[in-house]
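The residues making up each chain are set out below.
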Amino acid sequence: MARSDKERNTVRDGADHEQGGEAMPAGRDAVPSIAPLPRMSFAHSAGFWLKVALPTFLKGLIIRRPWAEAMAERFDLDSRAVRYMEKLHRAYQGRSVLVRNPIRPQAVLFSGDDVKAVLAGTPQPFTPASDEKRAALSHFGPKLSLISRGADRPPRRELNERVLETSASVHSHAEIFRTIVAIEMNAVLTRAAEKGALDWPIFAEGWFRMVRSIVLGPSARDDVAVSRLMARLRGRANWAFMMPRDEEARNELLSRLQVYVNAAEPGSLAALAAAMPASGAATHQMTQWLFAFDPAGMTTFRALALVAPNREALWQSMEEVLGERRDLGFLRASVLETLRLYPTTPAILRQTTQPVLLASGALRKGTGALIYAPFFHRASSVEAADRFQPARWIGRDAEDLLPFVPFSAGDAVCPAKNLVPLLAAEALRALLSNHRFFILEPGWLKSDRPLKGTLNHFAIRLGLEPLHPPGPE
Ligand code: HEM
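Residues numbered from 1 in each chain as written. Predicted model: local features only at pLDDT ≥ 70, side-chain atom pairs only at ≥ 80, totals over all residues. Heavy atoms only, no water.

Going by what an unreviewed UniProt entry lists, the protein chain is known as Cytochrome P450 and is assigned to Pleomorphomonas diazotrophica.

Asks: Now, about the sheet that holds strand 3 (residues 106–108): what can you tell me, with residues and values included?
Replies: Strand order in the open sheet made by the 5 strands is 2-3-9-6-4, with mixed pairing throughout. The two strands at the open ends of the sheet, each matched to only one other strand, are strand 2 (97–98) and strand 4 (126–127). In the sheet, strand 4 pairs with strand 6 (residues 347–352) via 2 bridges, with the strands oriented antiparallel. Residue pairing in the sheet places Phe 126 in a bridge with Thr 352 of strand 6. (Pairing = 2+ DSSP bridges. Helix = DSSP H or I, 4+ residues; strand = E, 2+ residues; numbered from the N terminus.)

Asks: I'd like a rundown of the sheet that holds strand 5 (residues 198–199), residues and numbers included.
Replies: Read from one edge to the other, the open sheet built from 3 strands follows the order 5-11-10, with strand pairing classed as antiparallel. One side of each edge strand has no neighbouring strand; the edge strands of this open sheet are strand 5 and strand 10 (435–441). Relative to strand 11 (residues 461–466), strand 10 runs antiparallel, the two being bridged by 6 bridges. Residue pairing in the sheet places His 435 in a bridge with Pro 466 of strand 11.

Asks: Please give an account of helix 3 (residues 66–74) that cites residues and values.
Replies: Where helix 3 is concerned, the buried positions are Ala 68, Glu 69, Ala 72 and Glu 73. All buried residues of helix 3 project into a common sector of 135° when viewed along the axis, lining one side. Backbone geometry just downstream of helix 3 places Asp 76 in the positive-phi region, at approximately 50°. (Buried < 20%, exposed > 50% of the residue type's maximum accessible area, 1.4 Å probe, protein only. Arc of directions from axis to C-beta.)

Asks: Tell me about the coordination of the iron atom of the ligand, and please be specific about residues and values.
Replies: What the protein offers the iron atom of the ligand as a donor is a single atom, Cys 414 (SG), at 2.3 Å. In this fold, Cys 414 is placed in the loop between helix 16 (373–378) and helix 17 (419–432). (Donors = N, O, S within 2.8 Å, 3.2 Å for Na, K, Ca; no water.)

Asks: Tell me about the pattern of salt bridges, residues and numbers included.
Replies: This model, assessed by the stated rule, comprises 31 salt bridges. With a closest N to O distance of 3.1 Å, Lys 417 and Asp 397 form a salt bridge. Of this pair, Lys 417 sits in the loop between helix 16 and helix 17 while Asp 397 sits in the loop between helix 16 and helix 17, and the two are 20 residues apart along the sequence. Arg 429 serves as the salt-bridge partner of Glu 426, at 3.1 Å between the closest nitrogen and oxygen. Of this pair, Glu 426 and Arg 429 are both found in helix 17, 3 residues apart, which corresponds to roughly one turn of the helix. Classification of Glu 426 as buried rests on a relative accessible area of 5%. Exposure remark for Arg 429: the relative accessible area of 14% places this residue in the buried category. (Salt bridge = Lys/Arg side-chain N within 4 Å of Asp/Glu carboxyl O.)

Asks: Residues and numbers for the pairing of strand 9 (residues 368–372), please.
Replies: Within strand 9, 5 of the 5 residues are buried, which leaves it mostly tucked inside the rest of the structure. Relative to strand 9, strand 3 runs parallel, the two sharing 3 bridges. Residue Val 108 lies in a different strand from strand 9, and its bridge partner there is Leu 370. As paired elements, strand 6 and strand 9 share 5 bridges and run antiparallel to each other. Residue Ile 348 lies in a different strand from strand 9, and its bridge partner there is Ile 371.

Dropping the structure here:
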């Protein structure tokens, strides 16, 4: 591959971080003076696998394990992981490094420039369809865009972008969605009032009714069998290639989803998908939509628990909710800030399809690249890293504050990067418009101390009282 002098110079300067966030394919004629990424020491590699990778893996990448979330919050394992990453960052002078392992070369990114380059270089030379992601997501079906390579990917990505309306801040079905969200969140409030508190089981029941109605259509509202099948497959997908695929459950799920695609109930995402050119991949893709709404629910519930005890945030939210401001800019910002603090995709993974040069050094073909989001979101260099400050996101898109990567960025950016904040903000509006919430659990949320690295959503409990108690008869 021939390169201009300018490019060659840029490559030579790479190690000095002069490359400005551009990945460069390194062909056979790659400039030989470029050093490969440095390699972590054995001790640092062991520390990384134990303190960073293991807790992340145990919490569950496709479905959360409640015991592991509880342990992570109790021992603040996610904060410890960030502190360990900072130690490595210092030890390797901010350069991305290769972590030792017996399977394949694996880079851990520490440089913001490298993060930008890797995300901008997706899907070539950094494919999102990394081996471990393929192993995990193929439990649902091979036609998901995130695990598709080459010519298979563009039409499947387009299906997502067109149905989820990636570039629209307000989805064209927003009015229908608003009605569904309001109905289900009001039902959640009724149940919580009966029980005297709002907890995850009550919230999740209403949230998934809402999700099934929006994704599959109103007739799926009570189809808990679909959610059960999803949970069964997600449990296996957590183990990726360590667990054989459950073909029976997968086929059953896909044929149930096909019924909804065929029905194409007006207003549902299934109906939009049915009308797309790549609709043959729709049922496979819908499995991801269904499970990805789980982190959206966790985030909405966490956002409520962060807003409720925070005077400033509560005041701004209430002003927005009671003033009936349609754009919900503050609540959307609160959702993004919740994801900065508690990213639900902590590990963004790529794999090189050819040799590549990054600012930190050269990568061989087949090298994995890991962006560990909590490090970039919570490093001590980030202003008020452990505080809930939605204002930093106001008027900004999820991709505006790189290397914050709540929804990733570039060609594989979450195609629901606008739909999720919209629905989460609508749910918060429905919950906050008639009730005041206060924290019952966890107690540490009531203090003014810096926020822990994990907020176990399974254990959040909120007390509630009506904003306008009924007057005397
Ligand atoms: C809190 C909620 C969510 C977060 C934080 C989130 C985050 C992400 C991230 C970080 C990625 C990129 C992964 C990568 O770069 O490798 C991604 C991809 C994706 N997300 Fe989301 N997501 C959420 C909810 C959703 C929902 C509700 C849907 C669908 C309705 C969805 C659909 C997708 C799809 C289809 C992809 C793959 C895109 C591709 O193949 O290029 N996500 N998401």
